[in-house]
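The chain contents come next:
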Amino acid sequence: MTVARILATKGREVLTAQPHRTLKEVAEILAARGIGAVVIADVQGSVLGILSERDIVRAVGRRGAKALDDAASMHMTTQVVTASEDETVLATVEKMNAGRFRHVPVLKDGRLAGIVSIGDVVKYRLAEMEHEQSALREYIAAV
Ligand code: AMP
């Protein structure tokens, strides 16, 4: 099963923020949208990094509340691991496990084409398992 399948259900919107945005502003976006990470991008939409709730907590833990006035660029991860649409969901989860992160932006021709979180994968896998189970039940009932 591919990443494109998940994006077809959840949509392709990716919340981005520019690198000069403060941690406070990013935290407001995360809270308002109920998400755990934003992709940091320039005005052209090129990916510069990713900033997750964990980066914000780490910054506040180290520097106290004044970290909330820091720019996102100071605390984002710049080596962003990405996926392509035709990659399998399993390969993407393996990347998440290996790198210990929960978000993977999806790129198509170098441009953002979606984002997959561990929550999306779990939701998708549960739906798939329920579907398999009911297909099996129907099959058993029919024989
Ligand atoms: P998360 O589990 O997504 O909240 O992220 C945990 C840490 O990994 C944070 O420092 C993030 O900046 C970083 N991170 C999140 N997603 C990615 C990614 N796709 N590639 C590289 N680092 C990431």
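Residues numbered from 1 in each chain as written. Predicted model: local features only at pLDDT ≥ 70, side-chain atom pairs only at ≥ 80, totals over all residues. Heavy atoms only, no water.

Re the overall build of the protein
Here's step 1: On a plain count of helices and strands, the protein comes out with five helices and five strands.
Here's step 2: Counting only C-alpha atoms, the protein reaches 65 × 35 × 25 Å along its principal axes.
Here's step 3: For the protein, the residues scored as buried account for 34% of the 143 residues in total.
Here's step 4: In the protein, the proportion of contacts linking residues at least 24 apart, taken out of those at least 6 apart, comes to 54%.
Here's step 5: A distance of 4 Å separates the average location of the 19 positive side-chain charges in the protein from that of its 18 negative side-chain charges. (Helix = DSSP H or I, 4+ residues; strand = E, 2+ residues; numbered from the N terminus. Buried < 20%, exposed > 50% of the residue type's maximum accessible area, 1.4 Å probe, protein only. Contact = heavy atoms within 4.5 Å. Lys, Arg positive; Asp, Glu negative; His and termini not counted. Charge placed at Lys NZ, Arg CZ, Asp CG, Glu CD.)

A closer look at a nonpolar patch on the surface
Here's step 1: Together, Ile118, Val122, Leu126 and Met129 make up a nonpolar patch on the protein surface, roughly 330 Å² of accessible area in all.
Here's step 2: With respect to the secondary-structure elements, Val122 resides in helix 5 (residues 118-142).
Here's step 3: The class of Val122 is partly exposed, set by a relative accessible area of 46%. (Patch = residues over 30% accessible without salt bridge, like charges linked within 9 Å, V, L, I, M, F, W, Y side chains within 5 Å. Areas by Shrake-Rupley, 256 points an atom, 1.4 Å probe, with all protein chains shown as cover. Salt bridge = Lys/Arg side-chain N within 4 Å of Asp/Glu carboxyl O.)

So, the nonpolar core
Here's step 1: Ranked by size, the top nonpolar core spans 13 residues in total, and within it Val26, Val38, Ile40 and Leu51 carry the most contacts.
Here's step 2: Ranked by residues supplied to this core, first place goes to helix 2 (residues 23-33) with three residues.
Here's step 3: Leave out the neighbours within four places in its chain, and Ile40 touches Ala17, Gln18, Pro19, Ser46, Val47, Leu48, Gly49, Ile50, Leu51, Ala72 and Met76.
Here's step 4: Judged by nonpolar contacts, the second largest core, of 12 residues, contains Val89, Val93, Val106 and Val121. (Core = buried A, V, L, I, M, F, W, Y, C linked by side-chain atoms within 4.5 Å.)

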